[in-house]
Each structure stands twice: as C-alpha cells, then as structure tokens.
Amino acid sequence: MCSSDLEHYAHQCPDLPGPLTYPEYPGGGSGRHPLTLLADHLRAAPPGRVAADHDGYENRWGYRGPTLSALLGQPVVDGLALIDDLRMIKSPAEIALIREACRWGDHAHRLMQEAITPGANELTVSHAASLQATRDLLTTLGDRYVPKAREGLPANTMFISGANTAHPHGLHRNAGVQAGDVLVTGAYGVVGGYESELERTMHVGDPTPDFERYFAAMLAAQDAGLAALRSGRTCAEVEADVREVIAGLGLTHLIRHHTGHAFGLEGHEHPFLDLDDHTVIEAGMIFSIEPGLYVPGLAGFRHSDTVLVTPDGAERLSLYPRDLPSLLIPAP
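Note that the structure is predicted; figures quoted are calculated from it, not measured.

Asks: Would you mind showing me how to read the nonpolar core here?
Replies: For soluble globular proteins, nonpolar side chains are generally found buried alongside one another. Ile-116, Leu-183, Phe-215, Leu-293 and Phe-301 are the most contacted members of the largest nonpolar core, which has 38 residues in total. The contacts of Leu-183, once residues within four sequence positions are left out, are Ile-116, Phe-159, Ile-160, Ser-161, Thr-165, Val-177, Arg-200, Thr-201, Met-202, Val-204 and Ile-329. Met-88, Leu-229, Ile-289 and Val-307 belong to the second-largest nonpolar core, a separate cluster that totals 13 residues.

Here it is as structure tokens:
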C-alpha cells in the first residue's frame, strides 16, 4: 500500500494488521520503484511459489516498471482466478447489500421514468433523477450508509433513445425525447461497495405492432433465462435455453451478446452466461439476466435484472415492472 494511504487504511480497516507500505509511485524521491520493495518482502518470506493477478504493474494510468518475475528471478503464477473464484458465491451479508442496492436502483429508475416527457433531454433528466435518488438514499439510510468509492453517486440511472438503442452500447444524443422513441434504460444502486443492475425497454407514446412484437420476444427470452438459471446447471446451458427460445421465434440474427454475467463489487465478474462458459452454477451466485434483440433501423430491446441463485431456483432482486403497459411514456 502507498504510504500516503496508511491513515486512510487504518480508519477503514481497523481490525486488519498493518500493511506493507511503499513510497508514492514511481518512487517519491526514494530512488526505488515500489515493486522492488515488494520483491524484497517476498524474498524475506519462506520460499515457495508466488501468484499475482499481474506480473508487475498494470498498463494503465501511465504506470511502468519491471516485472515481478524478473526482480525475483522466478516465475510468477497467474493468480487472477483466485480472487474471481472467491467472489462467485456471495455471503448472506453480501446478498443483503445487493438486495438493498437493488431497492435504490429501482427507486432511481422510477424517478427517472416519471420525469421523462416529450422534449426531455436524456442527460439532464438522468442526472436529476440520480441526484434525487441519492438524496433519498442518504436521508433514509443516514449514518448507516458509508460511501466506498470516491466517484459516482450511490443511486444512478440513465437512458438512451431512438435509433441509438439498436446498438448494445449506444451513445446519448443531445436532443429531446420524441413521440415514437424507443428508450433503453439503466439504473443501479451501490451499497457497501456492492452494485445492482436494472435495465428496461420503454416506448414514448403508443407502440407500433413491430415494437410490440420485438418487445414480446425479448420478454420471452428473459423469461427463459430466469427459468433456466438454477443450481447444478452450467452457464452454457442457461445461454443455450435462451437461444433456443430466440431461434424458435426466428430472431437469432438479432442477437448481439450473451444472456448475462455475474457481478457484485464490480459491474462484471466471473462467470458469464455464455455458450463458452461451462462454470457450474451454485446457490449464492448473483447474475444479470439481460438477453437483447437489436433491430437495425428500429431499436434495441433489452431488460436486465439482478437475480440471485437460490437452493430452489432463482430470485429476482430488482423488482421494477417488466410488462409493456408499465413502461409506456405518455405522449399527448
């Protein structure tokens, strides 16, 4: 740990032993790169194999330096999976935090939906709803809520509209919402460092028959994912069940991504509901269920929910309505 963070560590983790510290990267005037201090510490420890999530500094934020294996003169085993595997099964305390995060993601989405009207700007509506939801969260939870990040709000929501929704990661447009627009939304809460996930497909004004058809197909695909997610199956089997439903509707060509992913402390965690992920699903895992259909020239169709794998099946933790009548924006 950087020595400048020592007091912060002591405040946040009073029950843990003191950490090994190093001068600020790339040396803080000490003449020593932080990795050389880590190598000294490891050489003083009992001999054995060394595993790390990276063999040195990650290539971001301008960080550079020697590899740990070169400093130690021995191989460093890729240990990234050690942390990923430990994160897969959530404890009861972690599940409680994610359940609470879902409550605030749902609330933020409700505030946003109520504020969307023809002419409304995507960015200003989203940020206003996020700020109000955050105020409500802080008022309700009071001193029990302790932020675990320096950036972002604990309750967030956003949406994109129109043809931009035909891309899985479409960008905002700086224009007002129009009657006939399709909206794809996103909302989440963060409680105790744990995230939720919620996405909905909405329509401004009366939907067209084409919209209703694709919306129903998307909902059927998500229903299949919710039914397929259970302990003892593999992630690939869940994805196969969803794709079978989409294929039965003749819409396989509209798929752009897999059905979902695990998450918790990060927005995406291992494993993934994908045909090439054969991880066995276990009770206590948290997944998003978000199969999408993307129709060029029309729109994208995607709901996403936070889902807990239980001993008996799965429980949806994000409780926002999924039906079309509940997701229509009035347009006079």
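Asks: Help me understand the pattern of salt bridges in this model?
Replies: Tallied over the full model, the rule gives 18 salt bridges. Notably, a salt bridge pairs Arg-32 with Asp-40, separated by 2.5 Å at the nearest N-O pair. A residue is classified by how much of its surface remains accessible, and Arg-32, at 32% relative accessible area, is partly exposed. Overall, Asp-40 belongs to the partly exposed group, its relative accessible area being 33%. Ionic pairing is found between Arg-233 and Asp-241, a salt bridge with its closest N-O pair at 2.8 Å. With a relative accessible area of 14%, Arg-233 lands in the buried category. A single network of salt bridges, built from pairs that share partners, joins Arg-200, Asp-223, Asp-305, Arg-316 and Arg-322.

Asks: Is there a simple way to explain the pairing of strand β10 (residues 286-289) in this structure?
Replies: For a regular strand, the rule is simple: side chains alternate between the two faces of the sheet. On β10, burial covers both faces: Ile-286 and Ser-288 on one face and Phe-287 and Ile-289 on the other are all buried. By the bridge criterion, four bridges tie β10 to strand β13 (residues 304-310) in an arrangement that is antiparallel. Bridge pairing links Phe-287 to Val-307 in β13.

How each quantity is defined
- All residue numbers here refer to positions counted from 1 along the written sequence of the relevant chain.
- pLDDT decides what is reported in this predicted model: residues at 70 or higher carry local features, side-chain atom pairs at 80 or more are listed and counted, and totals for whole chains, interfaces and linings draw on all residues regardless.
- No hydrogens and no water enter the side-chain calculation; it runs on all heavy atoms of the structure.
- Residues enter a nonpolar core if they are buried and are Ala, Val, Leu, Ile, Met, Phe, Trp, Tyr or Cys, with the set joined through side-chain atoms within 4.5 Å.
- The rule is simple: take the accessible area with a 1.4 Å probe, protein chains only, and divide by the maximum for that residue type; under 20% is buried, over 50% is exposed, in between is partly exposed.
- Here a residue-residue contact requires only that any non-hydrogen atoms of the pair lie within 4.5 Å.
- Here, a salt bridge means any Lys or Arg side-chain nitrogen found within 4 Å of an Asp or Glu carboxyl oxygen.
- Put simply, DSSP marks the helices as runs of H or I at least four residues long and the strands as runs of E at least two long, and each gets a number from the N terminus on.
- Here, a strand pair is defined by DSSP locating no fewer than two bridges between the strands.

Geometric descriptors of this kind do not, in isolation, establish any biological role.
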